[in-house]
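# What the coordinates show
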Amino acid sequence: MAIATPAAPTVDVPAIPLRQLLPWLAFTALLGLLVIFFVSADQGAISIPAGNAIHEWVHDGRHLLGYPCH
Ligand SMILES: [Zn+2]
């Protein structure tokens, strides 16, 4: 005797054209580069905002990612 299983539900995933995705990809890449700059290169001497406040805020992340620090 066979047991009837319910049919799997189908999901329609909308296709997003690449032309609509490109600005968001560029924006996300820019934000990513900004985050990488603040985590890796912001040492206080070449900081965008003066001082090393951002360096201190991301200090644990620097050590976690292996960037040279002190
Ligand atoms: Zn450090």
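Our subject is the structure listed above.
Everything numeric in this text was worked out from a predicted model, so none of it was measured. (Residues numbered from 1 in each chain as written. Predicted model: local features only at pLDDT ≥ 70, side-chain atom pairs only at ≥ 80, totals over all residues. Heavy atoms only, no water.)

## Observations concerning the overall build of the protein
Secondary structure assignment for the protein yields 3 helices and 0 strands. Helices and strands appear in the protein in the N-to-C order α-α-α. In summary, the protein has a C-alpha radius of gyration of 23 Å against a globular reference of 11 Å for 70 residues, an excess of more than 25%. With the C-alpha coordinates of the protein rotated into their principal frame, the extents come out at 75 × 35 × 15 Å. Every one of the 70 residues in the protein was classed for burial, and the buried ones make up 11%. Sequence-distant contacts, at least 24 apart, represent 15% of the contacts inside the protein between residues at least 6 apart. (Helix = DSSP H or I, 4+ residues; strand = E, 2+ residues; numbered from the N terminus. Rg over C-alpha atoms; globule rule 2.2 N^0.38 Å. Buried < 20%, exposed > 50% of the residue type's maximum accessible area, 1.4 Å probe, protein only. Contact = heavy atoms within 4.5 Å.)

## Quick word on a nonpolar patch on the surface
Taken together, Ile16, Leu18, Leu21, Leu22 and Leu25 make up a surface patch of nonpolar side chains, about 470 Å² in accessible area. With respect to the helices, strands and loops of the structure, Leu18 is situated in helix α1 (residues 18-41). (Patch = residues over 30% accessible without salt bridge, like charges linked within 9 Å, V, L, I, M, F, W, Y side chains within 5 Å. Areas by Shrake-Rupley, 256 points an atom, 1.4 Å probe, with all protein chains shown as cover. Salt bridge = Lys/Arg side-chain N within 4 Å of Asp/Glu carboxyl O.)

## What to know about the packing of aromatic side chains
Inspection of every chain in the model, using the stated rule, returns 1 aromatic pair. Measuring from ring centre to ring centre gives 6.4 Å for Trp24 and Phe27, while their planes differ by 85°; the resulting arrangement is edge-to-face. Highlighted residues: Trp24 and Phe27, both in helix α1, separated by 3 residues, approximately one helical turn. Overall, Trp24 belongs to the exposed group, its relative accessible area being 58%. On the accessibility criterion, Phe27 (45% relative accessible area) is partly exposed. (Phe/Tyr/Trp six-rings, centres within 6.5 Å; stacked < 30°, edge-to-face > 60°.)

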